[in-house]
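Chain by chain, the residues run as shown.
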Amino acid sequence: MTTLYTTTATASAGRNGQASTDDGKLNVNLSYPKEMGGSGEHTNPEQLFAAGYAACFSNAVLHVAREGKVALKAAPVSAQVGIGPNSQGGFALSVSLAATVDLPQEQAIALIRTAHSVCPYSNAVKGNIDVQLSVNGEAL
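A. A look at the nonpolar core. The biggest cluster of nonpolar side chains holds 31 residues, and the ones touching the most others in it are Tyr 53, Phe 57, Val 61, Leu 72, Leu 97, Val 101 and Val 131. Secondary structure elements with two or more residues in this core: α1 (45-67), β4 (77-85), β5 (91-99), α2 (105-118) and β6 (130-135). Sorting elements by how many residues they give to this core places α1 first, with ten residues. Residue contacts for Phe 57: discarding those within four places in its chain leaves Val 77, Leu 97, Ile 112, Ala 115, His 116, Cys 119, Ser 122 and Leu 133.

B. Broad picture of the sheet that holds β4. Read from one edge to the other, the open sheet built from four strands follows the order β4-β5-β6-β7, with strand pairing classed as mixed. Looking along the sheet, the strands with just one partner apiece sit at the ends: β4 and β7 (138-139). As defined by bridge partners, β5 adjoins β6 across six bridges and the pair is classed as parallel. Residue Leu 97 lies in a different strand from β6, and its bridge partner there is Leu 133. Here α1 sits on the sheet in contact with β4, β5 and β6, set at roughly 145 degrees to β4. The sheet strands contacting α2 are β5, β6 and β7, and the helix crosses β6 at an angle near 155 degrees.

C. Representation of a nonpolar patch on the surface. A grouping of Tyr 32, Met 36, Ile 83 and Phe 91 is seen on the molecular surface, where their side chains present a nonpolar patch of about 360 Å² in accessible area. Topologically, Ile 83 is positioned in strand β4. For Ile 83, a relative accessible area of 32% translates into the label partly exposed.

D. A look at the packing of α1 against α2. In the contact formed by α1 and α2, the axes pass within 8 Å of each other and the chain directions differ by 115 degrees. You can see that α1 and α2 cross each other, and the crossing is right-handed. Contacts between α1 and α2 involve Tyr 53, Phe 57, Ala 60, Val 61, His 63, Val 64 and Ala 65 from the former and Leu 111, Ile 112, Thr 114, Ala 115, His 116 and Val 118 from the latter. Looking at the contact of α1 with α2 residue by residue, the class counts come to ten nonpolar, three polar and no charged.

Rules behind the numbers
Residues numbered from 1 in each chain as written. Predicted model: local features only at pLDDT ≥ 70, side-chain atom pairs only at ≥ 80, totals over all residues. Heavy atoms only, no water. Core = buried A, V, L, I, M, F, W, Y, C linked by side-chain atoms within 4.5 Å. Buried < 20%, exposed > 50% of the residue type's maximum accessible area, 1.4 Å probe, protein only. Helix = DSSP H or I, 4+ residues; strand = E, 2+ residues; numbered from the N terminus. Contact = heavy atoms within 4.5 Å. Pairing = 2+ DSSP bridges. Axes fitted to C-alpha atoms, helices over the stretch in contact; angles between N-to-C directions. Patch = residues over 30% accessible without salt bridge, like charges linked within 9 Å, V, L, I, M, F, W, Y side chains within 5 Å. Areas by Shrake-Rupley, 256 points an atom, 1.4 Å probe, with all protein chains shown as cover. Salt bridge = Lys/Arg side-chain N within 4 Å of Asp/Glu carboxyl O. Left-handed = near helix turned anticlockwise from the far one by under 90°. Nonpolar A, V, L, I, M, F, W, Y, C, P; charged D, E, K, R; others polar.

Note that every value here comes from positions in space, so none of it alone points to a role or purpose.
Following this line, the structure appears as C-alpha cells:
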C-alpha cells in the first residue's frame, strides 16, 4: 500500500482523560458515557469512531457515484456505534450505517454496497465488527 496520509493521536488517561492529534487540530476531553457508569460530560471513543466512520462512508458514497458518473451532490450518513461485552470477556463494537441518497432505490442500494467495499473504515472492520447497512430507510 502506498500511504497517502498519516496522522497521530495520543490519549492521556483512557476514557476519562484527554485525546489530541499531533497537529493540534483535535483536542478533546473524554469521559465514560452515563450508560457505562461515567459522567457523560465529555465525548467518548465510540462517538469519535461514529463521526469518523460516517464521514468516511459518506465520502466513499460520493466517490463511487463520481467514478460511476452518477450526479450526486450529497450523501448524508448516520453511523450508530454500540459497545458491549463479548463472549471472551472483553468488549466488542457494533455499527449501523444509514445513508440517504437521492436516487432510485435499486441504484441507491448498488451504490451503498459498492461504497461499503471501497470505504477504508469498512475494509478495516470487515470480519471484526458487525456492520448493518441501510439506504433511504431500507435495510440491506
